Amino acid sequence: VPQLVLGGRWDCLTAGDSCSSDEACSPRLRTLRQCVAGGGSVKLGPGARNHCENAVNALLASPLHRCQCKRGMKKEKNCLSIYWSLKQSVLHGLSLVESYPYEPVERGSDYVRLASIAAESEAGMSAVNRCLDAAKACNVDDTCQKLRTEYVSACIAPSARAGPCNRARCSKALRKFFDRVPPDFTHELLFCPCSDTACAERRRQTIVPACSFEERDKPNCLAQLRVCEADYVCKSRWAQFQHDCQPSQLTASGCQQDNYGACLIAYTGLIGSTITPNYLDNSTSNVGPWCSCAASGNHREQCNLFLDHFHDNICLKNAILAFGNDTDPKSAAASPNTITPNQRLATSKTTTTTIGMGVETQQNVLHPQMPTQMNDRDRLWSDSTLPSPDLYDNSPGRPDSAVSVWFLSLLLLALQF
């Protein structure tokens, strides 16, 4: 009997097994698989279209119709293949914003904060560094520490065949980390608030971008998206991101679903995929994938729309800011740092040097931004063990690889303690 998942829907793997063992459902499922396979209509003969329509209509009454999958589950790709087989047959040109295969995220579950591990010993300090506290919290949790060490090791290890690192192995380890470690840990590491460039650079280095994110040249965004949509897992993560981070002018939060936690979970689901996003520089909280629309030809507008899901998405921006401010969707509208729909146009015309408040432009996608004014917090570069930000400008849009490897070697060493 198929098992229920969150929300009362069936698990697609067990729903598929149940259908396969049912005399009435099994032949319909075989027909469906032929319909979506290459050359399937030829095998079904002249009445292929009618056969496919009849099979789909019959399966709409089965548990397969509303089945779902769990992110990071065992045999996730098999589960997703069952889901998309039926969905692609029901709606040709399915709008991914309307549907995705994963169980929904409960509202508010993502905003429970970890108690600061260093709270007692650092009670006298005037400020708490949540990014450092997040790293300490991860290091004392067995699962978080183990999987974090695994992905850092995988991402900095040189590969004889793949060059400086094995990107496929790195991406797989990153997906495992973000799928299996609770958001209370992963989100604190990735979305902790920063008020200086040293902190922001450490945060940017969380996913080991030299291996998982950056390349010598920026590929075309639409080419990357096509590769993503040909893979069941990446396609599903992208669908979830579009749905849960869909912006809206009608809600105070700026999100159609009014759920910041779900948006951040959907964002982290893209890490380790073909369209992995990350912080674009170390002086703002702007994020996006490592790609360009420069060679898009007649599809430039479509390419820009893809990038707008990251660069011009008030839902995603507000979700990241609200997490840093410890606010939920209902109180976020009152936060001075949160962008409301009515402030969107005004914000896009405003230049600011505050970390987390900058608005992405085409120029700072290609060249890391630095604050235009020097203040006491910026001088942390001179006192920090991190390299000078000038070292990151050796090539357009990409930090020096030697510096990144050096930095990450220190990170891996720190994980052992």
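Placed above this text is the structure.
First, a word on what this report is: a plain description of the structure on this page. The numbers attached to residues start from 1 for each chain and follow its sequence in the written order. In view of the model being predicted, local features appear only for residues whose pLDDT reaches at least 70, and side-chain atom pairs are presented and counted only at 80 or more, with totals across whole chains, interfaces and linings using the full set of residues. Side-chain calculation: all heavy atoms of the structure are included, whereas hydrogens and water are not.

## Quick look at the overall build of the protein chain
Next up, step 1: On a plain count of helices and strands, the protein chain comes out with 21 helices and four strands.
Next up, step 2: When accessible area is computed with a 1.4 Å probe and restricted to protein chains, residues below 20% of their type maximum are described as buried, those above 50% as exposed, and intermediate ones as partly exposed. The burial tally for the protein chain puts 49% of its 417 residues in the buried class.
Next up, step 3: Any two residues whose heavy atoms approach within 4.5 Å at even a single point are treated as in contact. Restricting the contact set of the protein chain to residue pairs at least 6 apart, pairs at least 24 apart contribute 68%.
Next up, step 4: When the accessible surface of the protein chain is split by element, carbon and sulfur atoms take 52% of a total near 20,500 Å². Numbering goes from the N terminus for both helices and strands, where a helix is a DSSP run of H or I of at least four residues and a strand is a run of E of at least two. Here the open area of atoms and residues is found with the Shrake-Rupley method and a 1.4 Å probe, where only the protein chains shown may cover a residue.

## Some remarks on helix α6 (residues 130–139)
Next up, step 1: Burial analysis of α6 places seven of its ten residues in the buried class, the great majority of the element.
Next up, step 2: If you check which residues of α6 are buried, you get R130, C131, D133, A134, A135, A137 and C138.
Next up, step 3: Where α6 begins, the side chain of N129 points an oxygen toward the backbone nitrogen of C131, at a separation of 3.1 Å. By the criterion applied in these results, polar contacts are pairs of N or O atoms within 3.5 Å in which, for protein atoms, one can donate a hydrogen and the other can accept it, and in which residues neighboring in sequence qualify only through two side-chain atoms.

## A look at the state of the cysteines
Next up, step 1: For this text, the term disulfide refers to a pair of cysteine sulfurs within 2.5 Å. In the structure shown here, the tally under the stated rule is 13 disulfides.
Next up, step 2: Linked covalently through their sulfurs, C19 and C25 form a disulfide whose S-S length is 1.8 Å. Disulfide C19-C25: the torsion about the S-S bond is -95°, which places it as left-handed. For the pair C19 and C25, one class covers both residues: buried.

## A short note on the pattern of salt bridges
Next up, step 1: Every case where a carboxyl oxygen of Asp or Glu lies within 4 Å of a side-chain nitrogen of Lys or Arg is listed as a salt bridge. Counting across every chain of the model gives ten salt bridges.
Next up, step 2: With its nearest N and O atoms 3.4 Å apart, the salt bridge here joins E188 to R130. Of this pair, E188 sits in helix α9 (residues 183–191) while R130 sits in helix α6, and the two are 58 residues apart along the sequence.
Next up, step 3: Classification of E188 as buried rests on a relative accessible area of 6%.
Next up, step 4: You can call R130 buried: its relative accessible area is 17%.

## Some words on the environment of C131
Next up, step 1: Inspection of the secondary structure puts C131 in helix α6.
Next up, step 2: C131 gets classed as buried once you look at its relative accessible area, which sits at 12%.
Next up, step 3: On a C-alpha basis, the gap between C131 and L189 in space is 6.0 Å, while along the polypeptide they are 58 residues apart.
Next up, step 4: Look past the residues within four positions of C131 in its chain and what remains in contact with it is C192, P193, C194 and C199.

## Digging into the nonpolar core
Next up, step 1: The biggest cluster of nonpolar side chains holds 59 residues, and the ones touching the most others in it are W238, F241, F306 and L316.
Next up, step 2: Among the elements that make up this core, the one with the highest residue count is helix α7 (residues 142–156) (seven residues).
Next up, step 3: Definition of nonpolar core: a set of buried residues of the types Ala, Val, Leu, Ile, Met, Phe, Trp, Tyr and Cys, connected through side-chain atoms within 4.5 Å. Among the nonpolar cores identified, the runner-up in size contains 23 residues, and L32, L59, M73 and L86 belong to it.

## Notes on the environment of C69
Next up, step 1: By secondary structure assignment, the location of C69 is in the loop between α4 (48–59) and α5 (76–90).
Next up, step 2: Judged by its relative accessible area of 0%, C69 falls in the buried class.
Next up, step 3: Residues C69 and Y100, 31 residues apart in the sequence, show an inter-C-alpha distance of 9.5 Å.
Next up, step 4: Apart from residues lying up to four places away in sequence, C69 is in contact with C12, C79, L80, P101, Y102 and E103.

## Observations regarding helix α10 (residues 197–204)
Since the α-helix packs 3.6 residues into each turn, any two residues three or four apart lie on the same face.
Next up, step 1: With respect to burial, α10 is a largely interior element, seven of its eight residues being buried.
Next up, step 2: Those residues of α10 not exposed but buried are T197, A198, C199, A200, E201, R203 and R204.

## Overview of the environment of A223
Next up, step 1: Within the secondary structure layout, A223 lies in helix α12 (residues 221–229).
Next up, step 2: A relative accessible area of 28% places A223 in the partly exposed class.
Next up, step 3: The spatial distance from the C-alpha of A223 to the C-alpha of S292 is 9.9 Å, given a sequence separation of 69 residues.

## Quick look at the packing of helix α13 (residues 232–244) against helix α15 (residues 300–311)
Next up, step 1: Lines fitted to C-alpha atoms define the axes, with helix axes restricted to the stretch in contact, and inter-axis angles between N-to-C directions lie between 0 and 180 degrees. Two numbers describe how α13 lies on α15: the axes approach to 11 Å, and their chain directions differ by 65°. Where α13 crosses over α15, the handedness of that crossing is left-handed. Together, W238, F241 and Q242 of α13 and F306, H309 and F310 of α15 make up the contact between the two elements. Left-handed describes a crossing whose near helix is turned anticlockwise from the far helix by less than a right angle; the clockwise case is right-handed.

## Some thoughts on the packing of aromatic side chains
Next up, step 1: Two aromatic rings from Phe, Tyr or Trp, using only the six-membered ring of Trp, form a pair when their centres are within 6.5 Å; if the ring planes differ by under 30 degrees the pair is stacked, by over 60 it is edge-to-face, and anything between is tilted. The full count for this structure, using the stated rule, is eleven aromatic pairs.
Next up, step 2: Measuring from centroid to centroid gives 5.9 Å for W238 and F241, while their planes differ by 20°, and the two rings are stacked. One end of the pair, W238, and the other, F241, are both in helix α13, three residues apart, so they sit about a helical turn from each other.
Next up, step 3: Ring plane angle 70° and centroid distance 5.8 Å describe the contact between F306 and F310, whose orientation is recorded as edge-to-face. With F306 and F310 both in helix α15, this residue pair falls four residues apart, about one helical turn. Here F306 and F310 have matching classes, each one buried.
Next up, step 4: Through successive ring pairs, a cluster of aromatic residues spans W238, F241, F306 and F310.

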